[in-house]
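Single-letter residue listing:
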Amino acid sequence: MTRKKMTQIFPFLLPLRQKQRKLFFYLGMRLDKNTYAERKQARPLSCQVCKTEALMINEGSGFPLKYQYNKVHNLKLAAKKIDGLLIRPGETFSFWKAAKDADRDAPYLDGLSLVNGKIQAEYGGGLCQLSNLLYYLFLHTPLTITERHGHGTEAIPPAEETLSGMDATVAEGWLDLKAKNETAHTFQIEIRFTEEKILGRILSDSPKQFDFHLYNAQVRYTRENGKIYEYSRLCRKRISCSTGEEKDEILCDNRCIIAYPLPAGTEIEERG
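Numbering of residues starts from 1 in every chain and runs along the sequence as written. Local features in this predicted model are restricted to residues of pLDDT 70 or higher, and side-chain atom pairs are both shown and tallied only at a pLDDT of 80 or more, whereas totals for entire chains, interfaces and linings draw on every residue. Computation of side-chain values: all heavy atoms of the structure, hydrogens and water removed.

### Some thoughts on the overall build of the protein chain
In terms of helices and strands, the protein chain carries five helices and 15 strands. Both definitions apply: the radius of gyration is a C-alpha atom measure, and the globule rule equals 2.2 Å times residues to the power 0.38. Relative to a compact globule of 272 residues, whose C-alpha radius of gyration would be 19 Å, the protein chain shows 19 Å and is just as compact. For the protein chain, the C-alpha atoms occupy an extent of roughly 55 × 45 × 40 Å along the three principal directions. Three exposure classes are used, based on accessible area relative to the maximum for each residue type with a 1.4 Å probe and protein chains only: buried under 20%, partly exposed in between, and exposed over 50%. Each of the 272 residues in the protein chain was classed as buried or not, and the buried ones make up 42%. The contact criterion used throughout is that any non-hydrogen atoms of two residues lie within 4.5 Å. Sequence-distant contacts in the protein chain: of pairs separated by 6 or more residues, those separated by 24 or more amount to 71%. To qualify as a helix, a DSSP run of H or I must reach at least 4 residues; to qualify as a strand, a run of E must reach at least 2; elements of each kind are numbered from the N terminus.

### Comments concerning the packing of aromatic side chains
Stacked, edge-to-face and tilted labels apply to pairs of Phe, Tyr and Trp rings (six-membered ring for Trp) whose centres lie within 6.5 Å, assigned for plane angles under 30 degrees, over 60, and everything in between, in that order. Scanning the model with the defined rule gives five aromatic pairs in all. An angle of 45° between the planes, with centres 6.2 Å apart, marks the rings of Phe210 and Phe212 as tilted. For Phe210, a relative accessible area of 26% gives the class partly exposed. Judged by relative accessible area, Phe212 falls into the buried class, the value being 11%.

### A word on the pattern of salt bridges
A pair is scored as a salt bridge if a Lys or Arg side-chain nitrogen falls within 4 Å of a carboxyl oxygen belonging to Asp or Glu. Applying the stated rule across the entire model yields 20 salt bridges. Close ionic contact of Arg104 with Asp101 constitutes a salt bridge, the shortest N to O distance being 2.9 Å. Assessed through its relative accessible area of 35%, Asp101 is described here as partly exposed. Measuring nitrogen to oxygen at the nearest pair gives 3.6 Å for the salt bridge that ties Arg271 to Glu269. A relative accessible area of 37% places Arg271 in the partly exposed class.

### Digging into the sheet that holds strand β15 (residues 268-271)
Pairing between strands requires that DSSP locate at least two bridges from one strand to the other. Taken in spatial order, the five strands make up an open sheet running β8-β14-β13-β12-β15, and their pairing is mixed. Only two strands of the sheet have a single partner each, and these edge strands are β8 (153-154) and β15. Alignment of strand β13 (residues 227-240) against strand β14 (residues 246-258), held across eleven bridges, turns out to be antiparallel. Bridging from a neighbouring strand, Arg238 pairs with Lys247 of β14.

### Concerning the side chain of Ser164
Assignment of secondary structure puts Ser164 in the loop between β8 and β9 (178-180). Those residues in contact with Ser164 that lie beyond four places of it in its chain are Asn216, Val219, Glu230, Ser232 and Leu234.

### A few points about the environment of Phe24
Position of Phe24 among the secondary structure elements: in helix α2 (residues 14-31). Overall, the relative accessible area of 52% leaves Phe24 in the exposed class. When the C-alpha atoms of Phe24 and Leu109 are compared, they prove to be 25 Å apart, with 85 residues separating the residues in sequence.

Here you go:
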């Protein structure tokens, strides 16, 4: 039997616990000797490194669509703080350092978030779509991922086909997405919106030296104690733009619970 957290037993303590976590979260960043990216520039850097886009409204979530539109509102608030941010040599990008106080002038709305393994409406919910997009972009650059957390449970089918393990969940005070620039070049984040999509680009002050291709080396499903688990390995092929030389890298191994019905015919290994 899983032991309940104090805030689950006494929910009125949760706001106090959140304030405490955030206080130590940001204090830790002040003391960890990293130099965090803070400077923004409206003028785009000259060279495009990579780009991507994603649908914002997932009509197959199984929850009222108002939470999807609330998520779009939240994404735009956070993106405004991050758009144009420069990551200079030696600097580290932190999602929460960059997006801190994005709701100061206009509050976030309730969006869907995964809390204790269950989807529920939560203030500022849905920001993981932005961290997912940034994680995907960073993996197409020479930036070094120094902190990333996958979801322990996938409760909503993805709106679009995506690679397994291609997620980066964030929770202010608990979980961050960080990437360090260990190169001699400056990178810049650009985020734009259309009616349906969020668009992201990474720009640089010099032409890119490598192309990157992400792929799953393996994906398998098991049934364990009545739950469906997905095991996957996310890999990357790095291709030199000058020589064409290729190198394969294992990025991470992922394990998560799949809490929605898998497509008919999906092979599931039975375990005790």
